[in-house]
Amino acid sequence: MKEGKLALVHMEFQSSYDPEMAKRMLTYMVHLSDMYGIDCVFQVLIMIDRVSKKAVHEVKRYNQRGEQSCQFSYDVVSLRQLDWKQFMHRKSPIMLAFLPMMRVLPKERLLLRKTVLCMLASLYADPDSAECAGMCKDDLCDEKLLKFFMSLGDHVFQTTEKEDAIVKQQIM
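Residues numbered from 1 in each chain as written. Predicted model: local features only at pLDDT ≥ 70, side-chain atom pairs only at ≥ 80, totals over all residues. Heavy atoms only, no water.

A.B. asks: Can you walk me through helix 1 (residues 21-36) in this structure?
C.D. replies: Every α-helix winds through 3.6 residues per turn, so residues three or four apart in the chain are directed the same way. In this model helix 1 runs 22 Å from its N-terminal to its C-terminal C-alpha over 16 residues, within 8% of the 22 Å that 1.5 Å per residue would give. Listed in full, the buried residues belonging to helix 1 are Met21, Ala22, Met25, Leu26, Leu32 and Ser33. Seen along its axis, helix 1 keeps its buried residues to an arc of 140°; they face one direction. Facing away from the buried side of helix 1, by more than 90 degrees, are the exposed residues Asp34 and Met35. Packing partners of the buried residues in helix 1 comprise strand 1 (7-14), strand 2 (40-47), strand 3 (58-62) and strand 4 (68-73). Glycine 37, located one to two residues past helix 1, shows a positive phi value of around 65°. (Helix = DSSP H or I, 4+ residues; strand = E, 2+ residues; numbered from the N terminus. Expected span 1.5 Å × (residues − 1). Buried < 20%, exposed > 50% of the residue type's maximum accessible area, 1.4 Å probe, protein only. Arc of directions from axis to C-beta. Contact = heavy atoms within 4.5 Å.)

This is the structure we're talking about:
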């Protein structure tokens, strides 16, 4: 990319394999490029689940002579293949949503829950922090939101009731 040129970053989230994804990403890239008049569109597909071995992340087109006339591809990140511990110290409200979707060993689930709840509690305590910049303070500091995250248990963090009680005791 040339210096001084504008670029657009397009992040697409996908929960499961879609055989038409590569075509959709190509369509999105063309539309975004036309809409904003930008030649450089960086695209990344963020998979919530593991990336399927049959997944195709490129599109090739051929002309009437059988020669390749177009090739398009994009980057893919699988949250399930990322180790959550590499991201646990990034104090970002957005990171809170992604940590439980990353690779977590059964013995680490309690630590994950404690980490997420501590991050929430610190954001709740200091809504003017740099990490909260641009967020709606009413939403962030809503006690209902904190209680909601405290109530999350087995289906998000896959912790037991006993482990939940330990975390709640340490946080509250």
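A.B. asks: I'm lost on the sheet that holds strand 2 in this one. Help?
C.D. replies: What holds strands together in a sheet is hydrogen bonding between their backbones, with the strands either parallel or antiparallel. As summarised here, the arrangement of the three strands in space is 1-2-5, forming an open sheet in which the pairing is parallel. Across the chains shown, the open sheet's two edge strands, defined by having one partner strand only, are strand 1 and strand 5 (75-78). Across the sheet, the mean angle separating the axes of adjacent strands is 25° when strand polarity is ignored. Where strand 1 lies against strand 2, eight bridges are found, and the strand directions are parallel. In the strand pairing of strand 2, histidine 10 is matched with glutamine 43. Against the sheet, helix 1 touches strand 1 and strand 2, its axis set at about 150° to strand 1. (Pairing = 2+ DSSP bridges. Axes fitted to C-alpha atoms, helices over the stretch in contact; angles between N-to-C directions.)

A.B. asks: Would you mind going over the pairing of strand 2 with me for this structure?
C.D. replies: Successive side chains on a regular strand alternate, one facing one side of the sheet and the next facing the other. Burial analysis of strand 2 places seven of its eight residues in the buried class, which makes it a mostly covered element. In this view, the connection linking strand 1 to its parallel neighbour strand 2 by way of helix 1 has right-handed handedness. One ladder, built from four bridges, connects strand 2 with strand 5; its direction is parallel. Within strand 5, the residue paired with valine 44 across the bridge is aspartate 75. (Right-handed = clockwise from strand over helix to strand, strands pointing away.)

A.B. asks: Quick question: what am I supposed to make of the pattern of salt bridges here?
C.D. replies: Should the charged atoms of two oppositely charged side chains come close, the side chains can pair. In this structure the tally under the stated criterion is eight salt bridges. Taking the shortest distance from any N to any O, the salt bridge between arginine 24 and aspartate 18 comes out at 2.4 Å. Residue lysine 23 pairs with glutamate 20 through a salt bridge whose shortest N-O separation is 3.6 Å. Residues participating in the shared-partner salt-bridge network are Asp83, Lys85, Arg103 and Glu108. (Salt bridge = Lys/Arg side-chain N within 4 Å of Asp/Glu carboxyl O.)

In short, the description is geometric, and any link to function would need to be established separately.
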